[in-house]
Amino acid sequence: MILRRLTVWVAVLATCNVSEGLAAQANRIQVDGVRFSGTSAEAVTVPYIMIGAGRRDSMFGGRIDLSGSIQLDVQAIDASLVNIEELTFNYSAGPLDFRIGVGDVSWGLSDVRSPVDAMAPRAVFFDAYNGARLGQPLLGLSAFSQWGDLEAVIFPFPRSPHMGGRLKRTWNGSSVRSDLGWGERPVGGLRMARVLGSTDIALSYVHGGERTLWISSDRPGEAGVVIPSLRQAGVELQRALGSVVLRTEGSLAKRDGDTEARIVAGAEWYPKPYLTLMVEQGLSSLNRAQASPLVDDIMLGGQLVTEEIRFSNLVFIDPKSGNRHYFVETRWTPTARTAIEVELITWAGDATQEPGLALRQRNVLRASLLRYF
Amino acid sequence: MRKIAELSQVLVAGLMVAGAPLAGQDATNRGEEIVREVERRSRGYGDLEAGLVMRILEGDRERIREMHVRGLESEDGNRTRMTLEQPADMAGTEFLSALEDDGERHQWIYLPAARRVRRISGARSSDSFLGSHFTYDDMTPPKVEGFTYRWIRDEEISGQPGAIVERTSLDDRTEYPRQLLWIETERYVLRRIEFFTSEGEHRRSLDLEQYLEIGEFWLAGRMTMVHLEDSARTILEWSDMRVGVGLSARDFEPSRLGR
């Protein structure tokens, strides 16, 4: 009943016509068929229906941002996800911006393994490196000055990472519990961002419970999501050099008493307006066999975008074992409001060289039909 | 009253050019004076906001992009922020472009799905702007000093007094080094540009129409770029144009994209 009401609510919201409103994101209905296979999870095909919508409007002298999504597992409604990604009231007073409600912050530069982006939990269904960002109650304050843009945010009642679909088993087959509720270890942070010519720089500090997806094995064959305590200083740098953009971000963290330094450095090259090539290297001061993310791997990627077709691929290569993990996606947009996507996640190499607790699907094939409104 | 034919510096400003005709000057000086006057009248709007519909027409096919545009004029350059509303699958995507006075362009993109702001490489001036028949070069206010000028003749333009001025780029890498400008010399607004290759071939034309008086400025409500070779064209239609809406540098910080 709740899901039905929310579905109606989102649909009504997305179709209402408010003259000053702006789309905060693409409003869509998506139908997925996902085929999971491999030895860490039984081979199964799961149908999903996803509805996502967003809106941004002026109200009460400020601005309301609203976006959310519902992901229905058609065969197991209990495994569905309702996510209010953003429901915030934003108010400006001089150089200050206030933000209150439910939302998130997205710090860092790397899309899939940012060491700085430690406060935003994700809902993961296919792989541990992607998935919707989960909104959580927040209080935010931004201040703009000649020194840069300062943002302070507190999540007093944070949410835990959510694992859905078939991503509840590790590489070695351990089942994973993600039964942590809301409010576990509040977290907050500060970030100062500034543009210096062709260089963007940002410094950040995070204190509280980390929301990156971590699991811990507590008994044979079982593991659980954990929220480590975190104190972390971060730095982000990106610089444009002609048709190349260099990006580097790093963190120095004390996580449950262990100190770790991480860095992710990479480059994107835009040889043509429709072609992007990228390379990224991750490094860590700890030799971990952890669940996520693919900390030490080399990432190679490319994206080809035309008016109707988008083809993108990523491959992560473990320099020690030579194991490769592939993420390949093709998207066809035959009309302005319709798209078809096919995504393949697979791997190659020696299975015994993979970390036993890695949250990696071995083989996933997703086919999706999207309709925008 | 001052008038303009520029929009968020990005578009129109880059296309404006002209100067006040002064009797007795030679063709070179007169052409440059007209262009300088257009440029003078195109500055000082401070900030602006508008809706933009971009219609890209190629044969029987039409593609439409709709966006909300905000612009800021500042001492160290101009900034433009565009929020896409159509196509539907790109709704919420934002582009921020900062053009420094020295001509260097910086660009950022915000993708709602990733909720992350990323710097992207400064596009080459001849690259297509959002898949249209406009290039980034078209949308950048050209420096008057970057050209030589020659007054061709006075000519009535749509019933208004006007002049035709030829400008030739000093940059030999420019795709269209020679351009002919049709300028109304009462409002000092640009009405047409014809672009010629270095071989002298007339390759494309830009028409600026439906000027609206917004505050102290004149703004072209409709701009049409036509490629003469295949008649493909892009039409830009502006709406809800406002200047002096109170935008500040804060609204054009990369970290504010998506907010």
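The rules behind the values
Residues numbered from 1 in each chain as written. Chains lettered and ligands numbered in written order. Predicted model: local features only at pLDDT ≥ 70, side-chain atom pairs only at ≥ 80, totals over all residues. Contact = placed C-beta atoms within 7 Å. Helix = DSSP H or I, 4+ residues; strand = E, 2+ residues; numbered from the N terminus. Nonpolar A, V, L, I, M, F, W, Y, C, P; charged D, E, K, R; others polar. Pairing = 2+ DSSP bridges. Axes fitted to C-alpha atoms, helices over the stretch in contact; angles between N-to-C directions. pLDDT = per-residue confidence, 0-100. Buried ≥ 20, exposed ≤ 12 C-beta atoms within 10 Å, placed from the backbone.

### So, the interface of chain B and chain A
Then comes step 1: Listed by partner, the interface residues are 26 residues for chain B and 34 residues for chain A.
Then comes step 2: Going through the elements one at a time, strand S3 (77-86) and strand S6 (116-120) of chain B are the ones with two or more residues in the side of chain B that touches chain A.
Then comes step 3: Ranked by residues supplied to the side of chain B that touches chain A, first place goes to S6(B) with 4 residues.
Then comes step 4: When the residues that make up the side of chain B that touches chain A are grouped by side-chain class, the tally is 8 nonpolar, 9 polar and 9 charged.

### Considerations on the sheet that holds strand S7 (residues 132-133) of chain A
Backbone hydrogen bonds are what pair the strands of a sheet, in a parallel or an antiparallel way.
Residues and elements named next belong to chain A.
Then comes step 1: Here we have 3 strands laid out as an open sheet, ordered S7-S6-S10, and mixed in their pairing. At either end of the open sheet lies a strand with only one pairing partner, and these are S7 and strand S10 (162-163).
Then comes step 2: Summarising the sheet, strand S6 (residues 122-124) and S10 pair through 2 bridges and their orientation is parallel. By the bridge assignment for S10, Ala-123 is matched with His-162.

### Observations regarding the sheet that holds strand S15 (residues 222-226) of chain A
Residue and element names in this part refer to chain A.
Then comes step 1: One open sheet holds the 3 strands; their spatial order is S11-S15-S14, and the pairing between them is mixed. Both edges of this open sheet fall to strand S11 (175-177) and strand S14 (214-219), since each of them pairs with a single strand only. Going from strand to strand, the sheet's axes swing by 35° on average, the running direction of each strand aside.
Then comes step 2: Sheet topology places S11 next to S15; 3 bridges connect them, and they run parallel. The residue of S15 that forms the bridge with Arg-177 is Gly-224.

### Looking at the pairing of strand S23 (residues 338-348) of chain A
On a regular strand, each side chain points to the face opposite its neighbour's, so the side chains alternate between the two faces of the sheet.
Residue and element names in this part refer to chain A.
Then comes step 1: Sheet analysis places strand S22 (residues 324-335) next to S23, joined by 10 bridges and oriented antiparallel. Looking at the pairing, Trp-332 lines up with Ile-340 of S23.
Then comes step 2: Joining the antiparallel neighbours S22 and S23 is a turn of 2 residues.
Then comes step 3: Judged from the 8 bridges that link them, S23 and strand S24 (residues 363-372) form a sheet pairing that is antiparallel. From the neighbouring strand, Ile-340 faces S24, where its bridge partner is Leu-369.

### Points about the confidence of the model for chain B
Residues and elements named next belong to chain B.
Then comes step 1: Confidence along chain B averages 83 in pLDDT terms, with 88% of residues attaining 70 or more.
Then comes step 2: In the model, residues 1-24 has pLDDT below 50 throughout and makes 105 contacts with residues more than four positions away in sequence or in other chains.
Then comes step 3: Both scores are available for the predicted complex, with the pTM at 0.84 and the ipTM at 0.86.

### Here we look at the environment of B:Glu175
All names here are of chain B.
Then comes step 1: Considering the arrangement of structural elements, one finds Glu-175 in the loop between strand S8 (162-169) and strand S9 (178-184).
Then comes step 2: C-beta crowding within 10 Å serves as the criterion here: with 14 such atoms nearby, Glu-175 is assigned to the partly exposed category.
Then comes step 3: When the C-alpha positions of Glu-175 and Ser-198 are compared, they lie 7.4 Å apart, and in sequence the two are 23 residues distant.

### Regarding the pairing of strand S20 (residues 298-305) of chain A
All names here are of chain A.
Then comes step 1: Inspection of the sheet shows strand S19 (residues 275-284) paired to S20 by 7 bridges, in the antiparallel sense. By the bridge assignment for S20, Val-279 is matched with Leu-300.
Then comes step 2: The pairing of S20 with strand S21 (residues 309-317) spans 8 bridges and is antiparallel. For Gly-301, the partnering residue across the bridge sits in S21 and is Leu-314.
Then comes step 3: Counting the residues in the hairpin turn of S20 and S21 gives 3 residues.

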